Each structure stands twice: as structure tokens, then as C-alpha cells.
Amino acid sequence: IVDPGETFRPNETLPRWEMAAWLDATLSWVQDRYADPPTVFVDTDGLDAVDSINAIRQVDITRGIGNDRFDPFGAVPRWQMALFLTRTYEAAGNELPEATERGFADIAGATPEVQAAINQLTALGVTRGTGPASFSPDEAVTREQMASFVARLLERMWVLQPVTDTCDTAVLPIRCSGSIIEVSPPVDLRVRVPVFMAEHVGDLDVAEALFADPGTRIDLFVDGTPLFVRSTSRRHTGAVYRYWEGLIPAGARGQVTVEAHTYLRGTPTTIRVIVVEFR
């Protein structure tokens, strides 16, 4: 997520363009996105992070500051960071906890949306505030703080996605094989397969109709035994996702083979196979 370098500069304020790059990279750990999303903002041309900025706009993590501007070099106050992180959590297909009041006395002047985001982020354990009853919403986020927030958020978002290395495309369904993934210690392991479409390459209404078709499904198997699969969907400004998710309960040991069988309108298209090593 963070580019390796000689120095990290932990106490420096994190600019908005770098925040976008970090959040885009965070989201890429749990789901794919289309390359080259369309440019939305007029003040981001030429930036290395322009694709990341456009990508997080596509899934509603950022909305800019108005007048088609993003303000890439502006600081990120902590109240805004809370919005960005909760939206990232939702953009990955997760449901936020209740926005129960967490006792911060200094957020009363914030909008209801900001207050909810701060309380939800606290409920997730991503932030603890800056004191017993303070969040310091207007303080600028430093690189060190953002690194901690992102790491904690990833712990709540992490799923096993059958990403594969090689595919045999000679016949349908395409059969893809992945490498061994090690998991330790034994935990409940979410297996999730997302399918998505972006607005600039397809009609989102058509995508939703395809996903809603009874013949469109993903079956998950562990060592040949079917997993119970839950399916959810999420529509954003520029993309629509549907997720198929199953759970491998804690207690699994040794190597297990996970298969994801994909059907589009009843036609088998892909079998993804990976091996998980529980240690």
C-alpha cells in the first residue's frame, strides 16, 4: 500500500492525493477494479495518483470539494478521514455497525453523516480517538496515523478471494488454478468472489439485471463439500458489484481445496481452484 523508501516521514500531514492512493490500494486487497477509470476532477491531470483518485470516486469514497475539484494537495482532517474509511469499508461490500454514540464530546458540531462515520469507525476498532472524550475532528491526519487506520481497517475487511495464477481457456468452463495460500492462526475465513461492471465499459442497469438473473450464481466448495453462500450487491456512482461469500469455520487444519464455480445466466464459465494451508 505504501511505497517503500528510505524514509516514511511519519509526522508529515497526509495530502488528499496520497490518501486516495492508499485507499485505492487498500480496496485492491479485497476486490478488483477496472483499469483506467474516467477522469472526473479538473485539478488532477498529470498526477501519478490520478487513476486512484478516479477509482475511489467511482465507488463513492470521495465526492470532491465541489465544482469538479478534488484539491489533491489539501490536508485531510480527521473528520474527513472517518468518512473516507467508512466509505471504503462499504465499497468493499461490508455492512457498517450501528452509529451508536461513543462519547466524543467534540464532534457535536459535525454533520450527522460525519458523527455517524466517527462512531462507526470507533465501533470497528479502527480509531480510539485522541483522548477519553475527544476525537479532534479538525486536526490534520498524519502519515503515521493513516497507516494505523488503514492497517486496522484491513483486519476488518480481509477475505480470501480465489485469485488465480494460470487458466486453461480451451473449453468452458475455464479452469483456473492458484497457488497455496497460508493462513495462521486458525480463524473463521470468509471466502468471497466479487463480480463487477463499471459504467464507462457497460450499462449498470444491464449489469444489475445480469446479476439478478436466477441462473447467475457462484457455488463454493471446500474439498468437494458445498459451502452455504450468501449473495449481496452494491451499486455505486460508477460501478456495480455483486458478491458471493461463504465461511470456512475456525478449526480447519492442513490443506483444503477451495473451488468457486461461476455461472452466468445458467452457463458455466469459470472454475477457480486454490489451495489453502491452515497452520
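Residues numbered from 1 in each chain as written. Predicted model: local features only at pLDDT ≥ 70, side-chain atom pairs only at ≥ 80, totals over all residues. Heavy atoms only, no water.

Caption draft 1: Region of interest: helix 5 (residues 143-157). For helix 5, which comprises 15 residues, the first-to-last C-alpha distance of 21 Å matches the rise-based estimate of 21 Å (1.5 Å per residue) to within 8%. Those residues of helix 5 not exposed but buried are R143, M146, F149, V150, L153, L154 and M157. The arc that holds the buried residues of helix 5, viewed along the axis, is 135°, so those residues lie on one side. Summarising the contacts, the buried residues of helix 5 are in contact with helix 1 (16-28), helix 3 (78-91) and strand 3 (189-198). (Helix = DSSP H or I, 4+ residues; strand = E, 2+ residues; numbered from the N terminus. Expected span 1.5 Å × (residues − 1). Buried < 20%, exposed > 50% of the residue type's maximum accessible area, 1.4 Å probe, protein only. Arc of directions from axis to C-beta. Contact = heavy atoms within 4.5 Å.)

Caption draft 2: Region of interest: the pairing of strand 7 (residues 239-248). Buried residues dominate strand 7, accounting for 9 of its 10 residues. Here strand 3 runs beside strand 7; their pairing, made up of 10 bridges, is antiparallel. The residue of strand 7 that forms the bridge with R192 is E245. With 6 bridges connecting them, strand 6 (residues 230-235) and strand 7 associate as antiparallel partners. By the bridge assignment, S231 is partnered in strand 7 with W244. Linking strand 6 to strand 7, which pair antiparallel, is a turn of 3 residues. (Pairing = 2+ DSSP bridges.)

Caption draft 3: Seen up close, the packing of aromatic side chains. Summed over all chains, the structure comprises 6 aromatic pairs. Taking 4.9 Å as the distance between ring centres and 65° as the angle between the ring planes, the aromatic pair formed by Y34 and F196 counts as edge-to-face. Taken as a pair, Y34 in the loop between helix 1 and helix 2 (50-58) and F196 in strand 3 lie far apart in primary sequence, 162 residues in all. Pairing Y241 with Y243 gives two aromatic rings, centres 5.8 Å apart and planes at 10°, and the pair type is stacked. (Phe/Tyr/Trp six-rings, centres within 6.5 Å; stacked < 30°, edge-to-face > 60°.)

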